[in-house]
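Chain residues, written in single-letter form:
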Amino acid sequence: MNIFKKVPLAILIGSTLLPAYALAQSQMGGSGTVGPSAGDREFSLSGTGSSNKDFDSSSFGISVDYGWYLSDRMLAGIRQSISYADVEGEDLSDDFWNGSTRGFVDYHFGQGAARPFVGATLGGIYGDGVKDTGTAGLEAGLKYYMLPSTFVQARAEYQFLFDSGDSASDNFDNGAWAYVLGMGINF
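Keep in mind it's a predicted model, so treat the numbers as computed, not measured.

(A) Representation of the environment of Tyr107 in the model. Mapped onto the elements, Tyr107 comes out in strand β4 (residues 92-108). Classification of Tyr107 as partly exposed rests on a relative accessible area of 30%. Once residues within four sequence positions are removed from consideration, Tyr107 is found in contact with Arg73, Met74, Pro116, Phe117 and Val118.

(B) Summary view of the pairing of strand β2 (residues 58-69). Relative to β2, strand β1 (residues 41-51) runs antiparallel, the two sharing 11 bridges. The residue of β2 that forms the bridge with Ser51 is Ser58.

(C) Region of the structure containing the packing of aromatic side chains. Tallied over the entire structure, the rule returns nine aromatic pairs. Ring geometry for Phe60 and Tyr84: centres 5.5 Å apart, planes at 45 degrees, overall tilted. Highlighted residues: Phe60 in strand β2 and Tyr84 in strand β3 (residues 74-89), separated in sequence by 24 residues. For Phe60, a relative accessible area of 46% corresponds to the partly exposed category. With 6.3 Å between their ring centres and 10 degrees between their planes, Trp177 and Tyr179 make a pair best called stacked. We note that Trp177, like Tyr179, is exposed.

(D) Representation of the pattern of salt bridges in the model. One pass over the structure, following the stated rule, counts seven salt bridges. One salt bridge connects Lys143 with Glu42, and the closest N-O pair in it is separated by 2.6 Å. On the criterion of sequence distance, the pair formed by Lys143 in strand β6 (residues 133-147) and Glu42 in strand β1 is long-range, its members being 101 residues apart. We note that Lys143, like Glu42, is buried. For the salt bridge of Glu157 with Arg102, the shortest nitrogen-to-oxygen distance reads 3.2 Å. On the criterion of sequence distance, the pair formed by Glu157 in strand β7 (residues 150-162) and Arg102 in strand β4 is long-range, its members being 55 residues apart. Residue Glu157 shares its accessibility class with Arg102, and that shared class is buried. Each of Asp65, Arg79, Arg102, Glu139, Arg155 and Glu157 takes part in one network of salt bridges that share partners.

(E) A look at empty space enclosed by the protein. A complete count under the given rule lists one cavity of 30 Å³ or more for this structure. The volume enclosed by the largest cavity comes to roughly 40 Å³. Along the walls of the largest cavity sit Glu42, Ser44, Asp65, Leu75, Arg79, Phe104, Asp106, Phe117, Lys143, Gln153 and Arg155, which together make up its complete lining. If you list the elements that add at least two residues to the lining of the largest cavity, you get β1, β3, β4 and β7. Of the residues in the lining of the largest cavity, the class split is three nonpolar, two polar and six charged.

Reading guide: rules and limits
Residues numbered from 1 in each chain as written. Predicted model: local features only at pLDDT ≥ 70, side-chain atom pairs only at ≥ 80, totals over all residues. Heavy atoms only, no water. Helix = DSSP H or I, 4+ residues; strand = E, 2+ residues; numbered from the N terminus. Buried < 20%, exposed > 50% of the residue type's maximum accessible area, 1.4 Å probe, protein only. Contact = heavy atoms within 4.5 Å. Pairing = 2+ DSSP bridges. Phe/Tyr/Trp six-rings, centres within 6.5 Å; stacked < 30°, edge-to-face > 60°. Salt bridge = Lys/Arg side-chain N within 4 Å of Asp/Glu carboxyl O. 1 Å grid on protein atoms, 1.4 Å probe; cavity = no way out; pocket = protein on both sides within 12 Å on 5 of 7 lines; lining within 4 Å. Points joined across faces, edges and corners; volume = space filled by probe spheres on them. Nonpolar A, V, L, I, M, F, W, Y, C, P; charged D, E, K, R; others polar.

Right, here's the structure in full:
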């Protein structure tokens, strides 16, 4: 991909995140009171996407999370993801819709604005481009609080598919990575 196509995207992202960062610093005023407390809820919206160099084969997806803080550091919830792929190639031209519904548990570290976390997921995937089946995974990520209850996040999840308990252990080595970038709030 031509570097000049990436520059406008970088400028757009930077121009939206820098003012938010400056506002966060002025509103937090050094008080250090950021993040959730036990009993708070969390909602986040994340996205992902990719295209080949000619933009004739592309995919994008969104993920919505809703969870409850069991403690200041432990979050349990449900995640709904949906993705679309427009694939073209030799003897292939098709559109695929896929979905995934998973429960998750995440443990967060730290008390400042930057909160790394690790967790696990369990659920199912379904759709046009996949066999309907169970999925489980491990995940890690980082939330950065720009305001006391508003954050940006990046998450990577290793998912493996299974039809039964026996196939879960067999398929762990044949998993896939899923990455998202998004925003969320605690309330």
